[in-house]
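Remarks on the overall topology
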Amino acid sequence: MRNDARMAKSKAAVLKQLPTLWSHRVACQAIGLHADEREVWGGWENGVVIAVDHKGKVLRKWRLPGGVDAVIADEAWRYAGCYDGNVYDLTGRVPQIAYEVGANARIHWLDVFRGNLCASDINGHCTVVDADQKLLWSAKPKASAGWMVRADEDGVYLGNSQGVSKFNWKGKKQWSAPKTCAA
């Protein structure tokens, strides 16, 4: 048996031993996930987004027009990044487009800091909008894949196939750390 197959079998055995508090089944893979002190949010490849309490009771459920890779929340806002290139505000009863990143921009990762929404797409590009949904800046590095965006008081951190870069809140690149290992 190959080492990869042995590791997968070993992981599956460990997972079966873990206690299950609750579960929700949808006919496809769950990719987006966000948990905080109030709720747990899941986003699926078929566009379903579900918010549940910590006991697993469904509180809200939506179906967006495309798959959902990214779900994020802060104290006031709830967002889902969709395969159609839009970020949806899920704060109200009906999902509304909060920002259109672009038709070909499959939203892969989201972060929100002090009302500023940061979206990274599967191509490694980054878009930052303020609480009024006004574009603050966007960066389109020559990357082949994106995997992360994070934000704090100092700026926005973007991870893509080129490595990790830090931008200030005006969109100026502060530093960049190249990828150091082969994928």
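Residues numbered from 1 in each chain as written. Predicted model: local features only at pLDDT ≥ 70, side-chain atom pairs only at ≥ 80, totals over all residues. Heavy atoms only, no water.

Relative to the assigned elements, D36 resides in the loop between β1 (30-35) and β2 (40-44). Apart from residues no more than four positions distant in its own chain, D36 is found in contact with H54, A73 and R78. (Helix = DSSP H or I, 4+ residues; strand = E, 2+ residues; numbered from the N terminus. Contact = heavy atoms within 4.5 Å.)

The next subject is the pairing of strand β6 (residues 78-82). β6 sits mainly inside the fold: five of its five residues count as buried. Residues of β6 alternate between two faces, with R78, A80 and C82 on one and Y79 and G81 on the opposite face, all of them buried. Bridge count between strand β5 (residues 68-73) and β6: five bridges; the pairing is antiparallel. Following the sheet pairing, I72 is matched in β6 by Y79. Counting the residues in the hairpin turn of β5 and β6 gives four residues. Bridge count for β6 against strand β7 (residues 86-89) is three bridges, and the pairing is antiparallel. Across the sheet, residue Y79 finds its bridge partner in β7, namely D89. Two successive antiparallel strands, β6 and β7, enclose a turn made up of three residues, where G85 displays a positive phi of approximately 85°. (Buried < 20%, exposed > 50% of the residue type's maximum accessible area, 1.4 Å probe, protein only. Pairing = 2+ DSSP bridges.)

Here we take up the sheet that holds strand β11 (residues 126-129). Overall, antiparallel pairing links the four strands, which are arranged β9-β10-β11-β12 in an open sheet. Two strands close off the open sheet at either side, each with one partner strand: β9 (107-113) and β12 (135-139). For this sheet the average axis-to-axis angle between neighbouring strands, irrespective of direction, equals 15°. Note: β9 against strand β10 (residues 116-121), six bridges, orientation antiparallel. Considered in β10, the bridge of D111 is made with C118. (Axes fitted to C-alpha atoms, helices over the stretch in contact; angles between N-to-C directions.)

Before going further, it helps to spend a moment on empty space enclosed by the protein. If you walk through the whole model with that rule in mind, you get one cavity of 30 Å³ or more. Here the largest cavity is characterised by a volume of approximately 30 Å³. Lining the largest cavity are Y79, A98, Y99, G115, L117, V129, D130 and Q133. Partitioning the lining of the largest cavity into residue classes produces five nonpolar, two polar and one charged. (1 Å grid on protein atoms, 1.4 Å probe; cavity = no way out; pocket = protein on both sides within 12 Å on 5 of 7 lines; lining within 4 Å. Points joined across faces, edges and corners; volume = space filled by probe spheres on them. Nonpolar A, V, L, I, M, F, W, Y, C, P; charged D, E, K, R; others polar.)

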